[in-house]
Amino acid sequence: MNKVLQASLVGNAYGFGLHWIYDPNHIKTIVSKENVFFKAPQKHHYDEAESAYYGYPHSKDGEVTTQGMFLVWLTQALHSNPNLSVEEYKNVLLEHIMPGGDYVGYIESYAKKLIVNEIAKSMEVPAVFEMIDDHLVGFVPYLATKALNLPLSKAKELATLFSNDPDYGTLFEMMDAFIQGLSTHTKEEALSKAIKLAPPLFKNKLIQALSNEDDASFIETSSGIACVIPQSIPLIIRIIHRASTYEEAMLMNVRYGGAMSERAMLLGYVFSQFSDIPQEWPQKLSPKLTQIIKAL
């Protein structure tokens, strides 16, 4: 049983039914009236929200987002070949998401660019898009290498598939420093020390994440609730700071709204390092995901 993969995927699936609803008040109402956790997204929840995107009409209960599946596929590939190259990582993804592949689900912008460039290559014309991305998909290699206890250098290498932004690697180092710091410091002390390693673009936002500023002001000025890392990483740090357990972190993350399932993968890994996953939660994953986790 791969505990890191389980912690990340359980987190992703937990709030999948509300993923990309950018209306915290609407989410609060839904959660108070019905059990939507580990459920597939329902169109009426999105239609009734002030701002939302219903991107997964074909999903089933216990499944995960596109980035969740990227994590699954990459972890499987690295399990078979720990020396997997960036080109091989690209081919692993394309095998599933290209026309004719087995993946049925939303294809985000960074993956669409990958597909278009591959089609251009097959037609012997120049690539259409430069791969410059700032989504949390860059953390998929970080989580996959953690799941298999591979070097951080491999995570940094594979993250370049979608972006050469060095901030990803620096943020990986920051998260590692936090996890390692938990062995000798309190969570708050470990966070404060780790944040000192953050890239310049993030440092002030992450310091603010540890403050007592109200949520609305913090989200407006220092983070946001979308999937790009300038928004998601400060909010993830705020949740790490404020929550005490895996379960509390997952519920807090859902209540913020937005790209919650993507944030939940990194949160799931982090909180699994010092808190147990509720015993019944892994059983709510789809049978296919459960089998994969057991096999790794």
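Right above here is the structure, for reference.
Reading the values: the criteria
- Residues numbered from 1 in each chain as written.
- Predicted model: local features only at pLDDT ≥ 70, side-chain atom pairs only at ≥ 80, totals over all residues.
- Heavy atoms only, no water.
- Salt bridge = Lys/Arg side-chain N within 4 Å of Asp/Glu carboxyl O.
- Helix = DSSP H or I, 4+ residues; strand = E, 2+ residues; numbered from the N terminus.
- Buried < 20%, exposed > 50% of the residue type's maximum accessible area, 1.4 Å probe, protein only.
- Core = buried A, V, L, I, M, F, W, Y, C linked by side-chain atoms within 4.5 Å.
- Contact = heavy atoms within 4.5 Å.
- Axes fitted to C-alpha atoms, helices over the stretch in contact; angles between N-to-C directions.
- Parallel < 35°, antiparallel > 145°, perpendicular 65-115°, else oblique.
- Left-handed = near helix turned anticlockwise from the far one by under 90°.
- Nonpolar A, V, L, I, M, F, W, Y, C, P; charged D, E, K, R; others polar.
- Polar contact = N/O pair within 3.5 Å; in protein donor to acceptor, adjacent residues only side chain to side chain.

**Regarding the pattern of salt bridges**
Right, so step 1: Counted by the stated rule, this structure contains 11 salt bridges.
Right, so step 2: The residue Lys 39 makes a salt bridge to Asp 61 at a minimum N-O spacing of 4.0 Å. With Lys 39 in the loop between helix H2 (24–33) and helix H3 (43–47) and Asp 61 in the loop between H3 and helix H4 (66–80), this residue pair connects regions lying 22 residues apart in the sequence.
Right, so step 3: Here Lys 39 falls in the partly exposed class, since its relative accessible area comes to 34%.

**Quick word on the nonpolar core**
Right, so step 1: Of all hydrophobic cores here, the largest spans 106 residues; its most connected members are Phe 70, Phe 139, Phe 162, Ile 233, Ile 237 and Ile 240.
Right, so step 2: Beyond its immediate sequence surroundings of up to four residues, Phe 139 is in contact with Tyr 168, Leu 171, Phe 172, Met 175, Ile 229, Ile 233 and Leu 266.

**Structural notes on the side chain of Ser 223**
Right, so step 1: In this fold, Ser 223 is placed in the loop between helix H12 (215–221) and helix H13 (229–242).
Right, so step 2: On the accessibility criterion, Ser 223 (11% relative accessible area) is buried.

**Considerations on unusual backbone geometry**
Right, so step 1: If you check the backbone angles, Trp 20 has positive phi at about 70° while not being a glycine.
Right, so step 2: As for its placement among the helices and strands, Trp 20 is situated in the loop between helix H1 (3–14) and H2.
Right, so step 3: Looking at Trp 20, the relative accessible area reads 6%, which means it is buried.
Right, so step 4: Positive phi, normally seen in glycine, also occurs at Asn 149, with a value near 55°.
Right, so step 5: In this structure Asn 149 comes out as exposed when scored by relative accessible area, which is 74%.

**Focus: the packing of helix H9 (residues 167–181) against helix H10 (residues 187–195)**
Right, so step 1: Where H9 contacts H10, the two axes come as close as 8 Å, and the packing angle between them is 150°. Of the possible angle classes, the one that applies to H9 and H10 is roughly antiparallel. Considering how the two elements wind past one another, H9 and H10 form a crossing that is right-handed. Taken together, the residues of H10 that come into contact with H9 (itself represented by Met 174, Ala 177, Phe 178 and Gly 181) are Lys 187, Ala 190, Leu 191, Ala 194 and Ile 195.
Right, so step 2: Its residues assigned to classes, the contact of H9 with H10 comprises 7 nonpolar, 1 polar and 1 charged.

**A word on the environment of Thr 245**
Right, so step 1: Looking at the element boundaries, Thr 245 is found in the loop between H13 and helix H14 (246–256).
Right, so step 2: Judged by relative accessible area, which is 33%, Thr 245 ranks as partly exposed.
Right, so step 3: Separated by 32 residues in the primary sequence, Thr 245 and Ile 277 place their C-alpha atoms 8.5 Å from one another.
Right, so step 4: Polar contacts involving the side chain of Thr 245 include one to the main-chain amide nitrogen of Glu 248, which spans 3.1 Å.

**What to know about the packing of H1 against helix H16 (residues 287–295)**
Think of two packed helices as two axes; the pair is described by the angle between the axes and how far apart they sit.
Right, so step 1: Put simply, H1 and H16 touch, their axes get as near as 9 Å, and they point 160° apart. Considered as vectors, H1 and H16 are oriented roughly antiparallel to each other. Regarding H1 and H16, the two cross each other, and that crossing is right-handed. Facing H1, whose interface residues are Leu 5, Gln 6 and Leu 9, H16 presents Leu 289, Ile 292 and Ile 293.
Right, so step 2: In terms of residue class, the contact of H1 with H16 is made up of 5 nonpolar, 1 polar and no charged.

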